[in-house]
Amino acid sequence: MVLNLEPISVERDLLAPGHRLCAGCAETIVVRQILHAVGEPVIVASSTGCLEVATSPYPYTSWRVPWIHSAFENAASTISGVETMYRALVKRGKIEDKGLKFVVFAGDGATYDIGLQFISGAMERGHRFLYVCLNNEAYMNTGIQRSSATPFGAWTTTSPVGKETPGKTQHRKDITAIFAAHNIPFVAQAAPHAWRDLMSKAKKAIAADGPSFINVIVPCQRGWRYAPGDTIELSRLAVDTCVWSLYEVVDGEWRLNYYPNPKKPVTDWLKSQGRFQHLLKPENKHVVDILQAEVDRQWTKLLERCKVS
Amino acid sequence: MADRRLLSGNEAIGWGAILGECKAFFGYPITPQSEILEFLATELPKAGGVFLQTEDEIAAVSMVYGSSMTGTRTMSATSSPGISLMQETVSLMAYLKVPSVIVDVCRFGPGSGMAQTSQTDYRQVTKGGGHGGYRCIVLAASSSQECCDLVQFAFWLADRYRMTVYVLTDATIGQSCELVDLKTRDFGALPDKDWVLRGLDERGGNGQGIHPHMWDYVGYHEDMNEKYREITENEIKYESYRMDDAEVILVAYGYVSRMAKGAVDLAREEGLKVGLLRPITLWPFPTNVLRELSLQAHHILVVEHSSGLLVEDVECALQGKVPVHLLGIWGTHRRDSSGIIYPERIVEEIKQMVGVA
């Protein structure tokens, strides 16, 4: 898929500036990339979270497209309702089919935790929509509490670091694989530094005849504890350490999109952020070993699925 | 020396849980409640308790149910939308007479609303919250000290009456810091937990199920009503402030009652005979107390950070015998979500009401 940066750079952003997201937040970067790729006409739904709160402080909006907010758990159901009525009205000849597209932006709390059953339901029913998870690996909007996307060993306010616990004591769940197991036409993982990869995936997803899902890692300077200017570098480092892999599952076929060479050690990743600083102490070396082993296990599994040797 | 600390209302609730022998907490992040979660994540395990963060409020309250059935003092805390999500299980626990303590740090609603302060949950929590016509005791805290004390009292009430007890605060109380005496409160003896989940025969459980009215629906509700009557007779709590010769009675709870207290003092300085009735139990509501106090009053002014919910219970209590006025959310100093009701505004309303403005 050919993507030329120059026309995109002068195209109007569908998410306007002036929103209240933090400096260095990756969410707007990703939302803009995806909306450039998807294009109009599009209807966007957001669940409760940083993006929703910061782009719609009453009575303002940053959205240049029709945008609907639902509660925390049910953006997938809300967009299902919109999409169903659009299809029904077109079918009955009440409105003209303008090729309207439907996109959900939701955080990892809304996707991995509270909203899982509703996304699963929408995917099983087969609504034609793209669900994007803006994954910053914790509840950042409420002040950095752990989610089931938070990695093993990470500090959050509800996975405290102390003598008894070295941060979160569970591994994150593999939600991308869970949605791939719904046998929907398109599922992928992406990252904002790899803009061409991300935008190509958004184009494929929105062209799919059915539900699609893209899980995008969005570095969060407040929650991960790093300097705001390092967001894109951290996105790259996540991929180069195989903490976050770029792949897609198209009609059930797994494809690897990027093979880091060299594959950097997970300690490079841990050193880059405050939320992992405690793991660099000698007494926590066993935690780092567990984390590295899990990253390696997931990477090996992914290579097998993608038939890469 | 007493253990005295500067605590936010939310931290004080956490301390209340620890002092009240809470041994399990299940919760989910939501502003303006998350500090309770964060505090207990660190402190409850140190006090020999269990902390778990769940994937949503439905899971949290369902874990409260499961944990309470083991006989453990268990709590959850959330804010308004979370209270809505919990209701199916709260109703179930009411049906099965399961003790639990649920804290609601109220935020502005309806819907997702705003994370800032309000008192828009009054009707929901005082009328049970979910389906089926049950009741929950509601304790309204108006200071960090009360957050700490009322959570302990809530555990006692929950065990005494085998039901859900809500502790209702608001974003202002939850986030404001005040000095708190950390004291363990003793409220008296409690019945044995002969209802805990054990199993039959040699395990000594109850083969009749958790309530003996499986086929007697009328009897079930009669029993519940009897319990509610007993609670109404014995457990009503309120504070009356400068009420001796009051001709104007303010009625307020939560953070607004603090403002109302300020308004009473300001009005008294100007020679106006104003007092405050602050219900601490919102259910059971101090209906008879208010009725008696109103005999000497010319005016009742309900002040609440909502469109008028508490006022319904006040009107019901007074049955039209004394004029009831309402200063609701329009009394806030700003029309956005950061607005709060200040004492000066209440005094202004009093003056208009009694015709001295």
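Residues numbered from 1 in each chain as written. Chains lettered and ligands numbered in written order. Predicted model: local features only at pLDDT ≥ 70, side-chain atom pairs only at ≥ 80, totals over all residues. Heavy atoms only, no water.

I would appreciate a short explanation of the overall build of chain B in the present structure.
Counting secondary structure elements, chain B contains 13 helices and 15 strands. Relative to a compact globule of 357 residues, whose C-alpha radius of gyration would be 21 Å, chain B shows 21 Å and is just as compact. The 357 residues of chain B split such that 56% are buried. By sequence separation, contacts in chain B at least 24 residues apart represent 78% of the contacts at least 6 residues apart. (Helix = DSSP H or I, 4+ residues; strand = E, 2+ residues; numbered from the N terminus. Rg over C-alpha atoms; globule rule 2.2 N^0.38 Å. Buried < 20%, exposed > 50% of the residue type's maximum accessible area, 1.4 Å probe, protein only. Contact = heavy atoms within 4.5 Å.)

So what exactly am I meant to see when it comes to the pairing of strand β6 (residues 114-117) of chain B here?
In the case of a regular strand, side chains alternate between the two sheet surfaces. Residue and element names in this part refer to chain B. Bridging between strand β5 (residues 100-108) and β6 involves two bridges; their strand directions are antiparallel. Paired with Phe 108 across the two strands is Met 114, which belongs to β6. In this antiparallel pair of consecutive strands, β5 and β6, the connection spans five residues, and Gly 111 shows a positive phi of 70°. (Pairing = 2+ DSSP bridges.)

Explanation requested: the side chain of Ser 8 of chain B in the structure shown.
Residue and element names in this part refer to chain B. Counting through the fold element by element, Ser 8 comes out in strand β1 (residues 4-8). Accessibility expressed as a relative area gives 8% for Ser 8, which makes it buried. When near neighbours in sequence (up to four residues on either side) are disregarded, Ser 8 contacts Ser 144, Gly 174, Gln 175, Ser 176 and Cys 177.

Help me out: how do you make sense of helix α5 (residues 87-96) of chain B in this one?
Think of an α-helix as turning once every 3.6 residues; residues three or four places apart then point the same way. Residues and elements named next belong to chain B. Taking burial as the measure, the ten residues of α5 include seven buried ones, the bulk of the element. Listed in full, the buried residues belonging to α5 are Gln 87, Thr 89, Val 90, Ser 91, Met 93, Ala 94 and Leu 96. Along its buried surface, α5 packs onto α3 (57-68), α4 (80-85), β5, α6 (122-126), β8 (164-170) and α9 (217-234). A positive phi of about 55° marks Lys 97, the residue just after α5.

When you look at the domain arrangement of chain B in this model, what are you seeing that I'm missing?
Note on interface size: it is often stated as the accessible area lost on association of the parts. Residue and element names in this part refer to chain B. Split by domain assignment, chain B resolves into domain 1 (4-234) and domain 2 (239-354). Using C-alpha coordinates to define each centre, domain 1 is positioned 27 Å away from domain 2. Contacts between the two partners involve 30 residues from domain 1, matched on the other side by 25 residues from domain 2. Approximately 2,400 Å² of surface area, both sides summed, lies buried where domain 1 meets domain 2, with 58% of it carried by carbon and sulfur atoms. Between Glu 312 and Arg 123 there is a salt bridge; the shortest N-O distance is 2.7 Å. Remark: the boundary between domain 1 and domain 2 carries 14 residue pairs in polar contact (both at pLDDT 80 or more). (Domains from an automatic or database assignment. Buried area = accessible area lost by both parts, 1.4 Å probe. Salt bridge = Lys/Arg side-chain N within 4 Å of Asp/Glu carboxyl O. Polar contact = N/O pair within 3.5 Å; in protein donor to acceptor, adjacent residues only side chain to side chain.)

I tried to follow the sheet that holds strand β15 (residues 324-327) of chain B on my own but got confused; where do I start?
Residue and element names in this part refer to chain B. Taken in spatial order, the five strands of this open sheet run β10-β12-β11-β14-β15, and their pairing is mixed. A strand with exactly one partner marks an edge of an open sheet, and here the two such strands are β10 (238-241) and β15. Between one strand and the next, the sheet's axes are offset by a mean angle of 20°, whatever the strand orientation. Bridge analysis of strand β11 (residues 248-251) against strand β14 (residues 299-303) gives four bridges, and the strand direction is parallel. Counted as the bridge partner of Val 251 is Val 302 from β14. Sitting on the sheet, helix α13 (residues 343-354) is in contact with β11, β12 (274-279), β14 and β15, with an inclination near 150° to β14. (Axes fitted to C-alpha atoms, helices over the stretch in contact; angles between N-to-C directions.)

So what exactly am I meant to see when it comes to the nonpolar core here?
Considering soluble globular proteins, one finds that nonpolar side chains tend to be buried as a cluster. Met 75, Leu 250 and Ile 346 of chain B are the most contacted members of the largest nonpolar core, which totals 115 residues. By residue number, the principal contributor to this core is helix α7 (residues 144-161) of chain B, which donates eleven residues. Split by domain, this core shows at least three residues from each of two domains, domain 1 (4-234) and domain 2 (239-354) of chain B. Core analysis: the second largest hydrophobic core is formed by 65 residues, Ala 45, Met 140, Cys 220 and Val 239 of chain A among them. (Core = buried A, V, L, I, M, F, W, Y, C linked by side-chain atoms within 4.5 Å.)

Quick question: what am I supposed to make of the interface of chain A and chain B here?
The partner chain B presents 17 residues to the 19 residues of chain A that form the contact. Carbon and sulfur atoms supply 57% of the area buried between chain A and chain B, which totals about 1,200 Å² over both sides. Between chain A and chain B we count zero salt bridges in total. Broken down by class, the residue content of the side of chain A that touches chain B amounts to six nonpolar, ten polar and three charged. (Nonpolar A, V, L, I, M, F, W, Y, C, P; charged D, E, K, R; others polar.)

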